[in-house]
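# Topology and contacts: notes
Listed here are the chains, written in short residue letters.
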Amino acid sequence: MAGHAHHDPDLKTADPELFDLIEREDARQRDSIRLIASENYASRAVLEATGTSLTNKYAEGYPGRRYYEGMDFVDPIERLAIKRAKQLFGADHANVQPYSGSPANLAALLALCDPGDTIMGMSLPSGGHLTHGWKVSATGIYYKAVQYGVRKSDRRLDLDQVRALALEHRPKLIWVGHSAYPRTVDFAAFAEIAKESGAYLAADIAHIAGLVAGGVHPSPVPHADVVTTTTHKTLRGPRGGLILCRKKHRKAINKAVFPGLQGGPHNHSTAAKAVAFHEAMQPAFKTYAQQVVTNAKALAEQLLARGITLVTGGTDNHLMLLDLTNRGLGGRHAARVLNDCGVELNANSIPFDPRTPFDPSGLRVGVPSITSRGLLAEHMAVVAGFIDEGLKGAASVDTDGYTAEADFVAPLRARVQEFIGAFPAPGL
Ligand SMILES: *Cc1c(COP(=O)(O)O)cnc(C)c1O
């Protein structure tokens, strides 16, 4: 019997329903001012690498030591990604296999701690990440987590508190790194505290990796035992994770990622990470990282000028936290209204938040995506104006009765779309 014809239609033909949904998501990303601090636009080259035959291949193990045949090209690809990651961040060792930031963090813990050990991290409501020991995370379930926060007076990291807790609890590992902290982090000071208390230092630069790579935020690499990151936030790569570490931890980290936590690496993501690392080594990326910081400062100034309160009064990095308590607005309602107006951001807890985590008092705003579209400091007044208008609109309607049909929404949305439409979105 003859083999049946090779039927291999494109996505549009094979699955029009799904194709249509993706097309609409493309348009949504094109038509909105995307201010979610953890998001970005990956380049066409990065997107292209993710959609390749590499997704077909199993490659459990590491280059030169695999459990499968056919590694002629997957090995050189992973070696290239490792070489570039080491070069980009000046690290002794890189593991490019973590599926994402959370598995990278779990791998770091698996490598350096035993279940039940004490670990320390910044609490989620203060701006830390779930995986730094928050109670509902595996890292809070399998480890005894001690959480530090920010100072009440100025909402900044309280190194005296970190030191006091570290000396009291003697954690095996201390996390430094955040998802919603608008200020520069002093990694050297954390290293000092870790040394004093006999702890490993793990730095999680998921949010700021692109700023570190671009030289506009200090690097934790000289100070930390292990550095973890995502590759899809300010770094502008594919969704994925990366672990950098000192030579002495190389074996433990590799063993923790595979076979400790994961099976076969996602080779298409590895390839796209290699592309992103290459892009991040170009002079244009340094310019991008500088522009991110410049834009964030400019947007912060423009928001402050409109009477909007910012946690810590401003920003040193790519993000800021808007405190809505004096506007009588819940973060969730505000975020929903702004989203309907084409300004995409997320509700976020602020330190010492009087409201619940599900409907907190803050909004998190980041500029990595709009900077990737070419917006400059001079455009931040327009962006701040849209945010302010949206917030006033949100305050003018009843939270429960609100729908996107509200009078002010469509006109504002049209202006947002017209403005942002002038800036081409990379990759789309
Ligand atoms: C985003 C983030 C992570 C988790 O990354 P995922 O890829 O979503 O798993 C970890 N740590 C910090 C600080 C983050 O901001």
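The structure this text deals with has already been given above.
Now for a quick tour of the structure. Just so we're clear, the structure is a prediction, and the values are computed from it rather than from any experiment.

## Structural notes on the sheet that holds strand β5 (residues 118-122)
Ordered by their spatial adjacency, seven strands build an open sheet running β4-β10-β9-β8-β7-β5-β6, and the pairing between neighbours is mixed. Each edge of the open sheet is held by one strand with a lone partner, namely β4 (93-95) and β6 (144-148). This sheet shows a mean twist of 20° between the axes of neighbouring strands, independent of strand direction. As paired strands, β4 and strand β10 (residues 241-245) are joined by three bridges and run antiparallel to one another. In the sheet register, His 93 faces β10, and the bridge partner there is Cys 245. Sheet strands in contact with helix α7 (residues 159-169) are β5, β6 and β7 (173-176), and its direction is about 160° off that of β6.

## Some points on a positive patch on the surface
A cluster of basic side chains, namely Arg 65, Lys 86, Lys 247, Arg 250 and Lys 251, defines a positive patch on the protein surface. Tracing the sequence through the fold places Arg 65 in strand β3 (residues 65-66).

## Some remarks on the packing of helix α5 (residues 101-112) against helix α10 (residues 250-261)
Running from N to C, α5 and α10 cross one another at 115°; their axes reach a closest spacing of 8 Å. In this structure, α5 crosses over α10, and the sense of that crossing is right-handed. When α5 is examined against α10, the residues Pro 103, Leu 106, Ala 107, Ala 108, Leu 110 and Ala 111 are found in contact with a partner set consisting of Ala 252, Ile 253, Ala 256, Val 257, Gly 260 and Leu 261. Its residues placed into classes, the contact of α5 with α10 shows eleven nonpolar, one polar and no charged.

## A few points about the site of the ligand
Taken together, 13 residues sit near the ligand, with Ser 100, Ser 102, Ser 179, Asp 204 and Lys 233 positioned nearest. Here an oxygen atom of the ligand and a side-chain polar atom of Ser 102 are 2.7 Å apart. In the environment of the ligand, an oxygen atom lies 2.8 Å from a nitrogen or oxygen atom belonging to the side chain of Lys 233. The fraction of the free accessible surface of the ligand (390 Å²) that becomes covered by protein chains is 86%.

## Here we look at the layout of surface pockets
Quantified by volume, the largest pocket comes out at close to 510 Å³. Along the walls of the largest pocket sit 25 residues, with Leu 124, Ala 347, Asn 348, Ser 349 and Pro 357 positioned nearest its centre. Those elements that place two or more of their residues in the lining of the largest pocket are α13 (331-340) and β14 (346-348). The element that contributes the greatest number of residues to the lining of the largest pocket is α13, accounting for three residues. In terms of residue class, the lining of the largest pocket is built from eleven nonpolar, eight polar and six charged. Approximately 440 Å³ is the volume attributed to the second largest pocket. Lining the second largest pocket are 18 residues; nearest its centre among them are Gln 29, Asn 40, Ala 42, Leu 47 and Arg 239. For the lining of the second largest pocket, the secondary-structure elements that each account for two or more residues are α2 (16-31) and α3 (44-50). At three residues, α2 tops the list of elements feeding residues into the lining of the second largest pocket. For the lining of the second largest pocket, the residue count by class is six nonpolar, seven polar and five charged.

## Here we look at the sheet that holds strand β15 (residues 362-366)
The pairing of strands in a sheet comes from backbone hydrogen bonds and takes either a parallel or an antiparallel form. With respect to topology, four strands assemble into an open sheet ordered β11-β12-β15-β14, the strand pairing being antiparallel. The outermost strands of the open sheet, each flanked by one partner alone, are β11 (309-310) and β14. Against the sheet, α13 contacts β14 and β15, and its axis sits at roughly 45° relative to β15.

## Focus: helix α12 (residues 283-305)
If you check α12, its first and last C-alpha atoms are 33 Å apart, about what 23 residues at 1.5 Å a residue would give, namely 33 Å. Positive backbone phi, at 80°, marks Gly 307, one or two positions downstream of α12.

## Focus on the packing of aromatic side chains
Evaluated as defined, the whole model comprises six aromatic pairs. On the basis of an interplanar angle of 45° and a centroid distance of 5.9 Å, the ring pair of Tyr 148 and Phe 190 is categorised as tilted. Separated by 42 residues along the polypeptide, Tyr 148 in strand β6 and Phe 190 in helix α8 (residues 187-197) bring together distant segments of the chain. An aromatic cluster is built from Phe 386, Phe 419 and Phe 423, whose rings are joined through pairwise contacts. Positioned over the ring face of Trp 134 is Lys 135, at 3.9 Å from the centre of the ring. Directly above the aromatic system of Tyr 288 lies the positively charged group of Arg 236, at a separation of 5.0 Å from the ring centroid.

Rules of the game
Residues numbered from 1 in each chain as written. Predicted model: local features only at pLDDT ≥ 70, side-chain atom pairs only at ≥ 80, totals over all residues. Heavy atoms only, no water. Pairing = 2+ DSSP bridges. Helix = DSSP H or I, 4+ residues; strand = E, 2+ residues; numbered from the N terminus. Axes fitted to C-alpha atoms, helices over the stretch in contact; angles between N-to-C directions. Contact = heavy atoms within 4.5 Å. Patch = residues over 30% accessible without salt bridge, like charges linked within 9 Å, V, L, I, M, F, W, Y side chains within 5 Å. Areas by Shrake-Rupley, 256 points an atom, 1.4 Å probe, with all protein chains shown as cover. Salt bridge = Lys/Arg side-chain N within 4 Å of Asp/Glu carboxyl O. Lys, Arg positive; Asp, Glu negative; His and termini not counted. Charge placed at Lys NZ, Arg CZ, Asp CG, Glu CD. Left-handed = near helix turned anticlockwise from the far one by under 90°. Nonpolar A, V, L, I, M, F, W, Y, C, P; charged D, E, K, R; others polar. Near = heavy atom within 4 Å. Polar contact = N/O pair within 3.5 Å; in protein donor to acceptor, adjacent residues only side chain to side chain. 1 Å grid on protein atoms, 1.4 Å probe; cavity = no way out; pocket = protein on both sides within 12 Å on 5 of 7 lines; lining within 4 Å. Points joined across faces, edges and corners; volume = space filled by probe spheres on them. Expected span 1.5 Å × (residues − 1). Phe/Tyr/Trp six-rings, centres within 6.5 Å; stacked < 30°, edge-to-face > 60°. Lys NZ or Arg CZ within 6 Å of the ring centre and 35° of its normal.

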